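Chain by chain, the residues run as shown.
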Amino acid sequence: MAKKMDPYDPESADSCSLTEEEVEPKLKYVRLSNDLKNILSEEAVSCIAVHSKFLCLGTHWGRIHMLDHQGNRVDIPINMRQNPHTLSVNKIAVDSKGEHIATCSDDGMVIISGLCTDENNQKLKVDKVIKAVELDPMHHKSGSGRRFLIGDNKLVLYEKTFLKGLKPTILSDSEGPVSAIKWNGQFIAWASSLGVHVYDLNERCSLGLIKWEEPKDGRLTDFRCNLNWSNQTTLLIGWVDTIRICVIRKRNPIEVSTRNLPTYIVDPMSTFQTEFYVCGIAPLESHQLVVLGFSKERDSETNKALRPILCVLQFKASDYIEICTDSLSMRGHQEYKCDDYHLDCLIEENQYFIVSPKDVVVASLYETDDRVQWLIEHGKFEQAMEVIAKHGGKYSLVTVARLYLDHLLSLQQFDEAAKLCLRAFKTDKQLWGEEVYKFAKVKQLRSVSSYIPKSAECKLKPHVYEMVLYEYLLFDPDGFLQLIKEWQPGLYNTKAVINAINGNFNIEDANILLEALAILYSHDKEYDKALTMYLKLQHRDVFELIKNHNLYSVIKDTIVQLIELDSEKAIAMLLEKDKIPAEDVVKELENREDYLYRYLDAYDKIDNSGKFHWKLVKLYAKYEPSKLLTFLKRSNNYPIQEAFDICKQQLFYPEMVYLLGRMGNTRDALSIIIHKLEDIQMAIDFCKEHDDMDLWNDLINESVEKPYIMTKLLDGIAGFINPELLVNKIKKGQEIPGLKNSIIKMLCGFSLQVSIQDGCNQILVSDYFNMHERLSKVQQRALAVTGENTCGLCRRDIIVKDHSRTDIVVFNCRHFFHENCLPDKYNVDFCTVCKSRKP
């Protein structure tokens with residue numbers, strides 16, 4: 001089995017370099033062991049080829065080992081053979097199906113072996129050091145020519161002939177030894193001492209040379225060129241400390257035809273230099289690479305090589321971003337050189353095999369579960385939840401949320417923890433019921449109170465809400481009252497909360513707690529207790545309580561308190577129809593006349609019976625005299641004498657005048673007007689209203705000695721009394737200011753009055769004669785007699801066939817008679833039915 005790497009084991013590859021800030025890794029690592037462990041204890045690995053079915057390792061002893069991906073030896077003939085090569089194996093190539101492998105060595109041998117059959121096995125002796133060999137990806141296919149490439153100081157293509165011989169074709173004379181070859185469809189890439197060539201097998205032409213600069217330290221041939229295809233047209237090159245990404249594209253068809261150029265051209269799309277030597281290169285995601293690197297620096301103490309690194313880079317046109325860099329603890333790394341390390345990959349599975357002479361480590365992308373686990377271990381719960389929500393995996397949101405909740409509570413971030421509960425637990429009653437106790441332990445139920453579910457579909461057990469309320473009661477009485485107002489009473493046991501308040505009652509928060517008790521008693525339908533609490537508080541919600549729960553029958557003894565609390569609301573409530581008898585209210589308010597006045601004044605506006613008007617006289621006189629006179633005039637439901645006594649006691653003269661007038665004592669009323677009110681115009685109006693000659697005489701007598709009154713009388717009596725009575729009272733020699741104007745005005749008014757009367761008489765006489773004449777004409781007009789008329793006595797038709805037998809008599813009242821039917825036809829002046837005269 002594969003062994004997971006331990007980052008604390010010096011014999012294990014670290015998953016990531018130690019840095020001040022933890023960065024989420026892209027890759028995880030597993031060191032291969034099992035049978036590979038025994039192999040490495042005896043031999044040193046020189047190269048590797050990876051296929052989705054197996055691993056193929058070449059050693060410095062010239063042996064080939066076939067293993068599965070866990071490092072177990074595969075039971076196939078190739079593993080049973082003796083050393084195929086006598087010297088170190090330089091390269092292993094595998095076809096796309098994994099049915100053939102090709103190996104080359106310093107011993108000059110190229111060996112092609114079938115893993116399923118020996119039919120197409122080949123051995124080629126070149127007598128030169130062969131550093132590179134490559135199989136046609138379609139080598140397994142019958143009729144493909146079983147082609148393969150080898151490189152020494154030239155690039156040679158071999159293919160099987162009809163007679164099963166090998167036909168060599170030199171594709172290119174190389175500039176020095178060929179160090180690497182990669183075959184991809186119709187394109188072949190290989191490295192020489194000058195750079196990298198790309199060859200098109202279809203057109204049998206080179207697409208050009210990508211030159212490479214010599215390194216500052218050493219020669220280009222001292223370093224292995226690392227080639228890889230990320231897809232059908234993208235070539236990855238890593239050599240020395242430079243990485244280049246090239247894309248093969250088609251030329252413009254016009255350019256191809258006119259200039260006789262190859263159909264394809266190689267375009268470098270990105271070139272950049274790294275801070276390390278490149279030991280291997282492989283594709284990852286779009287614009288991302290996995291690069292195996294060898295540090296340029298040496299250990300400062302021992303001057304030996306440092307650990308190799310595996311970098312995830314995101315490349316740009318001429319630069320790159322380092323996403324993640326892992327320092328790998330490969331066994332014996334201190335003694336190795338750059339070319340001792342190899343990197344191969346399974347692109348489809350995102351697995352990367354890092355090889356050193358004594359180690360094979362597999363790096364793979366962090367899967368969802370790996371990412372989540374790492375994020376949890378490093379306290380990045382929010383990101384972990386985002387990953388789960390997007391990609392799923394074995395971890396559930398709830399599991400991570402619970403861990404996150406514990407983390408937030410440990411940091412005392414209580415509000416964030418409460419919001420997390422709402423987001424993660426939503427309407428899961430069981431989860432809420434379990435996790436809310438974590439807040440209770442740290443006395444922070446108040447933080448979660450706004451988010452705890454309260455709907456009917458997700459209602460928790462009552463004691464959960466009671467715990468929240470109890471914590472508020474102890475630490476935040478205002479918040480406690482707010483919750484009592486907001487929460488539905490069905491969430492908790494009201495009696496339990498009432499008992500908690502009574503057990504923790506304190507004077508400092510008395511008003512808050514009394515209001516809470518009032519609400520709770522209302523919820524518990526103990527309205528009398530709730531009413532008591534509101535009245536103690538002088539709280540205006542008492543009116544809503546009475547109205548909502550129809551408590552009118554129990555408030556009789558609290559009417560005064562209610563009016564003291566809010567007179568407007570209380571009186572409006574007391575006036576509601578058929579709720580509280582007015583007699584009961586009046587009885588309760590007998591000792592508070594100010595409240596009684598407000599109530600009766602309002603009651604009088606909605607009730608026309610006047611049954612309390614006898615009380616209102618005294619109340620108006622005491623509290624609002626300006627309304628008294630109007631009230632006395634519109635009401636007949638009070639004792640006049642008592643009302644007069646009250647007005648007399650308070651010296652309300654206008655009211656006394658009105659009441660004396662109603663009692664018939666007009667002369668005393670006039671005396672008050674003249675002597676107390678001293679309002680002559682009012683006195684004149686009073687006399688006009690009552691039209692009593694005695695009153696006029698009294699007024700005239702009062703004016704004799706007061707000239708200014710005389711003038712006003714002369715101006716106002718015209719049309720009511722004979723002015724002569726007043727003029728005769730004027731003494732000779734008496735000076736009366738404005739007398740002349742008053743007499744002229746009086747005479748003009750009298751003359752006008754006489755003229756108007758004459759005009760009216762003339763109109764009446766004319767109308768009389770006109771109407772009389774019209775009446776005479778109407779009465780003299782002929783009356784129509786028809787067959788529909790009947791005799792008023794015999795009830796037969798008035799018109800008979802024999803006209804000679806009888807005459808018809810008609811009266812103004814339109815009654816018709818046969819003359820023979822009348823009792824005395826010769827002496828009838830009146831209708832016998834209605835006594836109307838005959839016309």
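Here the structure is a predicted model, which is why all the values come from computation and not from measurement. (Residues numbered from 1 in each chain as written. Predicted model: local features only at pLDDT ≥ 70, side-chain atom pairs only at ≥ 80, totals over all residues. Heavy atoms only, no water.)

Side note on the environment of Asp370
Turning to step 1, where the next piece is worked out: Within the secondary structure layout, Asp370 lies in helix α4 (residues 368–377).
Turning to step 2, where the next piece is worked out: Judged by relative accessible area, which is 18%, Asp370 ranks as buried.
Turning to step 3, where the next piece is worked out: In the structure, Asp370 is positioned 24 residues away from Lys394 in sequence and 10.0 Å away in space, judged by C-alpha atoms.
Turning to step 4, where the next piece is worked out: Apart from residues no more than four positions distant in its own chain, Asp370 is found in contact with Lys28 and Leu365. (Helix = DSSP H or I, 4+ residues; strand = E, 2+ residues; numbered from the N terminus. Buried < 20%, exposed > 50% of the residue type's maximum accessible area, 1.4 Å probe, protein only. Contact = heavy atoms within 4.5 Å.)

Structural notes on the pairing of strand β19 (residues 234–239)
Turning to step 1, where the next piece is worked out: Counting buried residues in β19 gives six out of six residues, a clear majority hidden from the surface.
Turning to step 2, where the next piece is worked out: Burial along β19 is two-sided: Thr234, Leu236 and Gly238 and Leu235, Ile237 and Trp239, pointing in opposite directions, are all buried.
Turning to step 3, where the next piece is worked out: Bridge count for strand β18 (residues 226–229) against β19 is four bridges, and the pairing is antiparallel. Bridge pairing in β19 links Trp229 to Leu235.
Turning to step 4, where the next piece is worked out: The hairpin turn running from β18 into β19, its antiparallel successor, is four residues long.
Turning to step 5, where the next piece is worked out: Alignment of β19 against strand β20 (residues 242–250), held across six bridges, turns out to be antiparallel. By the bridge assignment, Gly238 is partnered in β20 with Ile243. (Pairing = 2+ DSSP bridges.)

Some remarks on the sheet that holds strand β12 (residues 154–160)
Turning to step 1, where the next piece is worked out: Sheet architecture is open: four strands sit in the order β10-β11-β12-β13, paired in antiparallel fashion. Looking at the sheet topology across the chains shown, the edges are occupied by β10 (132–135) and β13 (166–173). The average undirected angle you get between the axes of adjacent strands in this sheet is 20°. (Axes fitted to C-alpha atoms, helices over the stretch in contact; angles between N-to-C directions.)

Regarding the packing of aromatic side chains
Ring pairs (aromatic) are described by centroid distance and by the angle formed between their planes.
Turning to step 1, where the next piece is worked out: This structure, assessed with the given rule, holds 19 aromatic pairs.
Turning to step 2, where the next piece is worked out: Ring centres of Trp212 and Trp239 lie 5.8 Å apart, and the angle between their planes is 40°; this geometry places the pair in the tilted category. With Trp212 in the loop between β17 (205–211) and β18 and Trp239 in strand β19, this residue pair connects regions lying 27 residues apart in the sequence.
Turning to step 3, where the next piece is worked out: Accessibility expressed as a relative area gives 1% for Trp239, which makes it buried.
Turning to step 4, where the next piece is worked out: Residues Tyr336 and Tyr341 carry aromatic rings whose centres are separated by 5.8 Å and whose planes lie at 80° to one another, so their mutual orientation is edge-to-face. Per residue, the accessibility class of Tyr336 equals that of Tyr341, and both read buried. (Phe/Tyr/Trp six-rings, centres within 6.5 Å; stacked < 30°, edge-to-face > 60°.)

Some points on the side chain of Ser364
Turning to step 1, where the next piece is worked out: Locating Ser364 in the fold gives a position in strand β28 (residues 359–365).
Turning to step 2, where the next piece is worked out: Ser364 sits in the buried class, given a relative accessible area of 13%.
Turning to step 3, where the next piece is worked out: Ignoring sequence-local partners within four residues, the contact set of Ser364 consists of Lys26, Leu27, Lys28, Asn350 and Gln351.

Observations concerning helix α8 (residues 429–441)
Turning to step 1, where the next piece is worked out: Over its 13 residues, α8 extends 19 Å from the first C-alpha to the last, a length consistent with the 18 Å expected when each residue adds 1.5 Å.
Turning to step 2, where the next piece is worked out: Those residues of α8 lying buried are Leu431, Trp432, Gly433, Glu435, Val436 and Phe439.
Turning to step 3, where the next piece is worked out: Summarising the contacts, the buried residues of α8 are in contact with α6 (397–410), α7 (414–425), α9 (445–448) and α10 (462–475).
Turning to step 4, where the next piece is worked out: The N-terminus of α8 is capped by Asp428, whose side-chain oxygen sits 3.1 Å from the backbone nitrogen of Gln430. (Expected span 1.5 Å × (residues − 1). Polar contact = N/O pair within 3.5 Å; in protein donor to acceptor, adjacent residues only side chain to side chain.)

A word on the confidence of the model for the protein chain
Turning to step 1, where the next piece is worked out: On average, the protein chain scores 84 in pLDDT, and the residues at 70 or more come to 89%.
Turning to step 2, where the next piece is worked out: Across residues 1–20, confidence stays below pLDDT 50; counting only partners more than four residues off in sequence or on other chains, it has 46 contacts. (pLDDT = per-residue confidence, 0-100.)

Brief notes about helix α17 (residues 567–574)
Turning to step 1, where the next piece is worked out: Burial in α17 covers these residues: Ala570, Ile571, Met573 and Leu574. Each buried residue of α17 sits inside an arc of 160° when the element is viewed along its axis, so together they form one side.
Turning to step 2, where the next piece is worked out: Contacts from the buried residues of α17 go to α15 (541–549), α16 (559–565), α18 (582–588) and α19 (593–606).
Turning to step 3, where the next piece is worked out: Among the residues of α17, the N-terminal cap falls to Asp566, whose side-chain oxygen and the backbone nitrogen of Glu568 are separated by 3.3 Å. (Arc of directions from axis to C-beta.)

Details of the sheet that holds strand β3 (residues 45–50)
Turning to step 1, where the next piece is worked out: Taken in spatial order, the three strands of this open sheet run β3-β4-β5, and their pairing is antiparallel. Each edge of the sheet is formed by a strand with only one pairing partner; in this case those strands are β3 and β5 (64–67). Taken over all neighbouring pairs, the strand axes of this sheet differ in orientation by 20° on average, direction set aside.
Turning to step 2, where the next piece is worked out: As judged from the four bridges shared by strand β4 (residues 55–59) and β5, these two strands associate in the antiparallel manner. Along β5, the bridge assignment pairs Cys56 with Met66.

Describing the pattern of salt bridges
Pairing is possible between side chains of opposite charge, provided their charged atoms come close.
Turning to step 1, where the next piece is worked out: In total, this model carries 33 salt bridges according to the counting rule given.
Turning to step 2, where the next piece is worked out: The partner of Lys28 in a salt bridge is Asp370, with the nearest N and O atoms 2.4 Å apart. You can see Lys28 sitting in strand β2 (residues 27–31) and its partner Asp370 sitting in helix α4, a full 342 residues away along the chain. (Salt bridge = Lys/Arg side-chain N within 4 Å of Asp/Glu carboxyl O.)

Looking at the pairing of β3
Turning to step 1, where the next piece is worked out: Of all six residues in β3, six are buried; the element is thus mostly enclosed.
Turning to step 2, where the next piece is worked out: Relative to β4, β3 runs antiparallel, the two sharing five bridges. Following the sheet pairing, Cys47 is matched in β4 by Gly58.
Turning to step 3, where the next piece is worked out: The hairpin turn running from β3 into β4, its antiparallel successor, is four residues long.

Re unusual backbone geometry
Turning to step 1, where the next piece is worked out: A positive phi angle, close to 60°, is found at Asp127, a residue other than glycine.
Turning to step 2, where the next piece is worked out: Tracing the chain through its elements places Asp127 in the loop between β9 (122–125) and β10.
Turning to step 3, where the next piece is worked out: When its relative accessible area of 60% is taken as the criterion, Asp127 is described as exposed.
Turning to step 4, where the next piece is worked out: Even without being glycine, Lys443 reaches a positive phi, approximately 55°.

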